[in-house]
Amino acid sequence: MFDHMKLLRCFSFTASRDWLFRQSFANAGLRSVTTDLTHGNSISSTAMHCWIPKFPNRSKPNLLLLHGFGANAMWQYGEHLRSFTGRFNVYVPDLLFFGLSSTSESDRSESFQARCLMRLMEAHGVRKMNIVGISYGGFVGYSLAAQFPEIVERIVLCCAGVCLEEKDMEDGLFKVPNLEEATGILIPQTPEKLKELIRFSFVKPIKGVPSFFLWDFIDVMCTEFVEEKRDLIKSILKNRRVLDLPKIKQKSLIIWGEEDQIFPLELGYRLKSHIGENAEIVVIKKAGHAVNLEKSKEFLKHLKSFLIDSL
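All of these numbers come straight from a predicted model, not from anything done at the bench.

1. Re the packing of aromatic side chains
Now for step 1: On inspection of all chains with the given rule, the structure shows 13 aromatic pairs.
Now for step 2: The interplanar angle of 45° and the centroid separation of 5.7 Å between the aromatic rings of F21 and W75 together place this pair among those described as tilted. On the criterion of sequence distance, the pair formed by F21 in helix α2 (residues 13–27) and W75 in helix α3 (residues 73–77) is long-range, its members being 54 residues apart. W75 matches F21 in its accessibility class, with the two residues each being buried.
Now for step 3: Every member of this aromatic cluster is reached through a ring pair, and the members are F69, F98, Y136, F139, F174 and F263.
Now for step 4: Positioned above the aromatic ring of F306, the side-chain terminus of R154 is 4.8 Å from the ring centre.

Structural data, given as structure tokens:
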């Protein structure tokens, strides 16, 4: 009988694709750097990995690209990277507990992620920045904009349910009945759960993907820091109320897939209403939560219009 797992051990499609992304990021003028953010006498340690410009040009604006759950940052921004490296110093970090970034601190809030990112950017000499945040990356980006208004210039929030409330789960806003179910899908540990994540993320999901490809993806992308990632999800929901959410003042673009099943479009309109006149919202038709991948060209067009045409 044909042994799928034996084939996996010989050849990993996910690891090979990851290698190709690494090459493309390097060819786009970026280099991979891990920075120790541990405070002097602290007993806890924090390190963050980031793709940074090999030769930053201080006359160019800076652009920080923040990923969500799922595949790593390279997979989420690989298609769009070269559209920005000519006009910006581009920084693509791994958020804590993704890729090569981790901490022994116990704080799992997006505001802690944001403060660590700020220290990372300071370590790289970045004093002003624009941000694109996809999904969970949007939560962290929003927190950065709120905590450091003089440093964040503009922000794009893509399918980021920043304005969700804890009671939304009980009120049936989401397709999943409870937090346990949500974390099981967002951090898939079996092919069945990964298929569910794909179904929730795309309007037209790829069908018939062999199980050994799904196991391979899980093995490479989803097996590290599982408990910590679950805590990150619990943290964004716990006691969350829009009333407590600070309003950001920066020019903001909100991008949403019309058929998003993870963070329904209602949350996009809620976010627009919360930020007010400084925000515009773009709804992309026939797209789900993974709008950056499913409608890549349209997504890119709106990013460029907002970030580049206004320079």
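2. Brief notes about the pattern of salt bridges
Now for step 1: All told, the structure shown has 11 salt bridges when counted by the stated rule.
Now for step 2: Linking E165 and K167 is a salt bridge whose minimum nitrogen-to-oxygen distance equals 3.6 Å.
Now for step 3: Under the relative-accessibility criterion, E165 is labelled buried at 14%.
Now for step 4: Look at the salt bridges and you will find they share partners, linking E165, K167 and D171 into a network.

3. Points about the UniProt feature "domain: AB hydrolase-1" (unreviewed entry) in the protein chain
Now for step 1: The positions that UniProt labels "domain: AB hydrolase-1" (unreviewed entry) are, in the present scheme, residues 61–164.
Now for step 2: Secondary structure content for residues 61–164 is 34% helix and 24% strand, and the end C-alpha separation is 31 Å.

4. Focus on the pairing of strand β3 (residues 62–66)
Now for step 1: Most of β3 sits inside the fold, with 5 of its 5 residues counted as buried.
Now for step 2: The pairing of β3 with strand β4 (residues 89–93) spans 3 bridges and is parallel. When the sheet's bridge partners are listed, L64 is paired in β4 with Y91.
Now for step 3: Of the strand pairs in this sheet, β3 and strand β6 (residues 129–134) are connected by 4 bridges, and their pairing is parallel. The residue of β6 that forms the bridge with L64 is I131.

5. Considerations on the packing of helix α8 (residues 179–186) against helix α11 (residues 226–237)
Now for step 1: Taken N-terminus to C-terminus, the directions of α8 and α11 make an angle of 135°; their axes are 10 Å apart at the nearest point. Of the possible angle classes, the one that applies to α8 and α11 is oblique. You can see that α8 and α11 cross each other, and the crossing is right-handed. Contacts from L179, E180, T183 and L186 in α8 reach R230, I233, K234 and L237 in α11.
Now for step 2: Residue classes in the contact of α8 with α11 are distributed as 4 nonpolar, 1 polar and 3 charged.

6. Describing the nonpolar core
Now for step 1: By size, the foremost hydrophobic cluster in this structure holds 104 residues, and its most contacted members are V92 and L144.
Now for step 2: Top element by residues in this core is helix α5 (residues 110–123). It accounts for 7 residues.
Now for step 3: Leave out the neighbours within four places in its chain, and L144 touches L64, L66, A114, L117, M118, I131 and V152.

7. Some thoughts on the environment of V152
Now for step 1: Along the chain, V152 falls in strand β7 (residues 152–158).
Now for step 2: By relative accessible area, which is 3% here, V152 ends up buried.
Now for step 3: The sequence separation of V152 and N62 amounts to 90 residues, and the corresponding C-alpha distance is 9.8 Å.

Conventions used here
Residues numbered from 1 in each chain as written. Predicted model: local features only at pLDDT ≥ 70, side-chain atom pairs only at ≥ 80, totals over all residues. Heavy atoms only, no water. Phe/Tyr/Trp six-rings, centres within 6.5 Å; stacked < 30°, edge-to-face > 60°. Helix = DSSP H or I, 4+ residues; strand = E, 2+ residues; numbered from the N terminus. Buried < 20%, exposed > 50% of the residue type's maximum accessible area, 1.4 Å probe, protein only. Lys NZ or Arg CZ within 6 Å of the ring centre and 35° of its normal. Salt bridge = Lys/Arg side-chain N within 4 Å of Asp/Glu carboxyl O. UniProt positions renumbered as here; feature names shortened; annotations may be inferred. Pairing = 2+ DSSP bridges. Axes fitted to C-alpha atoms, helices over the stretch in contact; angles between N-to-C directions. Parallel < 35°, antiparallel > 145°, perpendicular 65-115°, else oblique. Left-handed = near helix turned anticlockwise from the far one by under 90°. Contact = heavy atoms within 4.5 Å. Nonpolar A, V, L, I, M, F, W, Y, C, P; charged D, E, K, R; others polar. Core = buried A, V, L, I, M, F, W, Y, C linked by side-chain atoms within 4.5 Å.

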